[in-house]
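The lines below spell out each chain.
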Amino acid sequence: NKNTRIKMEEEMMIERGEEEEPKRRTRSPPPPQTEEEGAQKIPVLVGGEEDLENTNNTNTTATKNEEEDEIKDELEIGRNEAGFLIGERGATKRKVQKVSQTKIEIADSEINPETSIVTIRGTETNRAKARRYVAWVLRQPEGKIFCDLGDDVVRENVSVVDVPAEAMAFVVGAKGKTLRSVEEEYGTLMFFGHTEKDQPDSSEKLIICGDRENRRGAELKVMSSVETKVQGYFVDYEKNDPELKQPLMQPGDGLKDGFAYDQFPFTEEEFSYALGKFGRVRRKLAKASGCVMEYVGRVAIMSGNKEQRARCWDYTNWLMKQRRNNGTCSVDPNARNDCEICDVPGSIDLPRLQGNCHKVEEATGTFIFTTDFEKPVAEGQDKTLLICSHDSASRRKARRMVEDLIDGRRDVFQDNNRGGPRGRGGGGGSVGG
């Protein structure tokens, strides 16, 4: 549907592109470090990224830090390469650190004024990953990166997504802003590259590096963007309920350890309600449930362990019931361990309170709604709010804020840590009903 596709595109563009492009910072080199006893100086690697990738190469030197009792590798690269590796405000270095689970320091060489030293600290496996990621990052200015999917060093930490040419600009965004926002949201490293050495430039794939859960989130985010621009690329709309054309299968899938994904199809009317203004409803459900959830076309993909997926499915199903029942649905809080109860006196203006509860949800990462399980929702009668989240501290914080709103406090969103819980807690049953 053209109108639905236009709405999705507008919502996504607003959701991802509000911030201005940050100014590139000028790096001030840290003070020179003293060479540790026994540490071996390494040869210069200016433009020699292929050597960086070789985990057994003598250009990476492991030394023992006696004070911190940890192993480190040192790489020598050109000054310009060091600036690119640091990135805007240190963003690129932080991404490499996060996906490799290492600590990286970059300092000017004490011997060669044209080079910088990259120090990588962490386990042997993680240092090897970091060296590979550094090599890929330094190749980006050249525009050609080869990612060997058979490489044991990073094989289990790399996902590949096909992006059609007509959706490429939308996925990348102006000056790469969209791709960087996905990296920031899910803590991944992303770039376009080849998975086979003889592939033509037009056959580049999107490479996503990181742990399994974050890679899945970034993958779904990109698939959502592609489906917005090229409807039907990933989703089959010919069936009664739309679903993905092909199953998701990346490294880490199919291990039978509970990690999987579920598909929740929407009608066109349901989709607009489930998306919310600027995508806020989707983000609310994902954060409250603790589950990765993205909308690929009119299909919600919920990814995580069994408990996370069950909770996300329930929250989404309750949302659809609220749509059909004036914002209310019947949920037994005694059968769950992810709910807090908050009693609302009949004298309270419920629509106004519900409007403020949207702010509470955003501030606490919870899902709040009225339930008619024990008593009907009637004007002038006491009512029951359910505050749902996988995180008990978030539920308690939200309940305090709602109770303060009921008490008439005007500074709830400036100071929401006052007072202790006064409502009734939910039951101790299993999550997911």
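Rules used in this analysis
Residues numbered from 1 in each chain as written. Predicted model: local features only at pLDDT ≥ 70, side-chain atom pairs only at ≥ 80, totals over all residues. Heavy atoms only, no water. Helix = DSSP H or I, 4+ residues; strand = E, 2+ residues; numbered from the N terminus. Buried < 20%, exposed > 50% of the residue type's maximum accessible area, 1.4 Å probe, protein only. Contact = heavy atoms within 4.5 Å. Areas by Shrake-Rupley, 256 points an atom, 1.4 Å probe, with all protein chains shown as cover. Pairing = 2+ DSSP bridges. Phe/Tyr/Trp six-rings, centres within 6.5 Å; stacked < 30°, edge-to-face > 60°. Lys NZ or Arg CZ within 6 Å of the ring centre and 35° of its normal. Expected span 1.5 Å × (residues − 1). Axes fitted to C-alpha atoms, helices over the stretch in contact; angles between N-to-C directions. pLDDT = per-residue confidence, 0-100. Salt bridge = Lys/Arg side-chain N within 4 Å of Asp/Glu carboxyl O.

This part is about the overall build of the chain. Per the secondary structure count, the chain includes 13 helices and 17 strands. When burial is assessed residue by residue, the chain has 49% of its 433 residues classed as buried. In the chain, 67% of the contacts between residues at least 6 apart in sequence involve partners at least 24 apart. Surface summary for the chain: the accessible area is close to 21,500 Å², and the carbon and sulfur share equals 45%.

One can find valine 226 in helix H8 (residues 212-229). Between the C-alpha atom of valine 226 and that of glycine 297, which follows or precedes it by 71 residues, the distance is 9.1 Å. The contacts of valine 226, once residues within four sequence positions are left out, are Val163, Pro164, Ala167, Val171, Tyr233 and Phe234.

This paragraph deals with the pairing of strand S7 (residues 205-209). Of all five residues in S7, four are buried, a share of seventy percent or more. The pairing of strand S5 (residues 158-161) with S7 spans four bridges and is antiparallel. Bridged to valine 161 within S7 is leucine 206. Where strand S6 (residues 189-193) lies against S7, five bridges are found, and the strand directions are antiparallel. Following the sheet pairing, phenylalanine 192 is matched in S7 by leucine 206.

Taken as a whole, this structure holds 12 aromatic pairs when the rule is applied. Both rings, one in phenylalanine 264 and one in phenylalanine 266, keep their centres 5.4 Å apart while their planes meet at 45°; by these two values the pair is tilted. With respect to burial, phenylalanine 264 and phenylalanine 266 carry one shared label: buried. Of the aromatic side chains, those joined through ring pairs into one cluster are Phe264, Phe266, Phe271, Tyr295 and Trp313. The ring of phenylalanine 170 has lysine 229 sitting right over it, with the charged end atom 5.4 Å from the ring centre.

Turning next to the environment of asparagine 317. Tracing the sequence through the fold places asparagine 317 in helix H11 (residues 306-324). For asparagine 317, a relative accessible area of 27% corresponds to the partly exposed category. For the pair formed by asparagine 317 and phenylalanine 264, sequence separation is 53 residues and the distance between their alpha carbons is 8.9 Å.

A few words on helix H5 (residues 124-139). Side chains that are three or four residues apart share a direction in an α-helix, a result of its 3.6 residues per turn. The end-to-end C-alpha separation of H5 is 23 Å, in line with the 22 Å expected for 16 residues at 1.5 Å each. Among the 16 residues in H5, 14 count as buried, and that is most of the element.

It is worth spelling out the sheet that holds S5 at this point. Reading across the sheet, the three strands line up as S5-S7-S6 and stay open at both edges, with antiparallel pairing between neighbours. Since the sheet does not close on itself, it has two edges, and those belong to S5 and S6, each with one partner. Sheet twist, expressed as the average angle between the axes of neighbouring strands with direction ignored, equals 25°.

Quick look at the pairing of strand S15 (residues 367-371) now. In terms of burial, S15 is a largely internal element, five of the five residues being buried. Judged by which residues are buried, S15 turns out to be covered on both faces: Phe367, Phe369 and Thr371 on one side and Ile368 and Thr370 on the other are all buried. Relative to strand S16 (residues 383-388), S15 runs antiparallel, the two being bridged by five bridges. Along S16, the bridge assignment pairs phenylalanine 369 with leucine 386.

The end-to-end C-alpha distance of H11, which contains 19 residues, comes to 27 Å, matching closely the 27 Å that a straight helix rising 1.5 Å per residue would cover. By the burial criterion, the buried members of H11 are Arg309, Arg311, Cys312, Asp314, Tyr315, Thr316, Trp318, Leu319, Met320 and Gln322.

This part takes up the confidence of the model for the chain. For the chain, per-residue confidence averages 81 on the pLDDT scale, and residues scoring 70 or more make up 76% of the total. For the chain, the element scoring lowest by mean pLDDT is strand S17 (residues 424-425), at 40; strand S12 (residues 299-304) scores highest, at 98. A low-confidence stretch, residues 53-60 (pLDDT under 50), is modelled with 21 contacts involving residues beyond four sequence positions or located in other chains. Low pLDDT, under 50, characterises residues 416-433; the stretch is placed with 56 contacts to residues that sit more than four places away or in other chains.

Attention now goes to the sheet that holds strand S10 (residues 260-265). Overall, antiparallel pairing links the three strands, which are arranged S10-S12-S11 in an open sheet. Each edge of the open sheet carries a strand with a single partner, namely S10 and strand S11 (292-296). Within this sheet the neighbouring strands show an average axis-to-axis angle of 20°, counted without direction.

A positive phi angle, near 55°, is found at glutamine 101, a position not held by glycine. Within the secondary structure, glutamine 101 sits in the loop between helix H4 (91-100) and strand S3 (103-108).

Attention now goes to the environment of serine 272. The residue serine 272 is located in helix H9 (residues 268-275) in this model. Classification of serine 272 as partly exposed rests on a relative accessible area of 33%.

Take the pattern of salt bridges next. Summed over all chains, the structure comprises 26 salt bridges. Among the ionic pairs, arginine 216 bridges to glutamate 219, the shortest N-O distance being 2.8 Å. Placement of both arginine 216 and glutamate 219 in helix H8 is noted, with a separation of three residues, approximately one turn of the helix. The same class applies to arginine 216 and to glutamate 219, which are both buried. The salt bridge involving arginine 311 is made with glutamate 307; its shortest N-O contact spans 3.3 Å. Of this pair, arginine 311 and glutamate 307 both sit in helix H11, separated by four residues, roughly a single helical turn. For arginine 311, a relative accessible area of 6% corresponds to the buried category. Under the relative-accessibility criterion, glutamate 307 is labelled partly exposed at 44%. Connected through shared salt-bridge partners, Glu185, Lys221, Arg282 and Glu294 make up one network.

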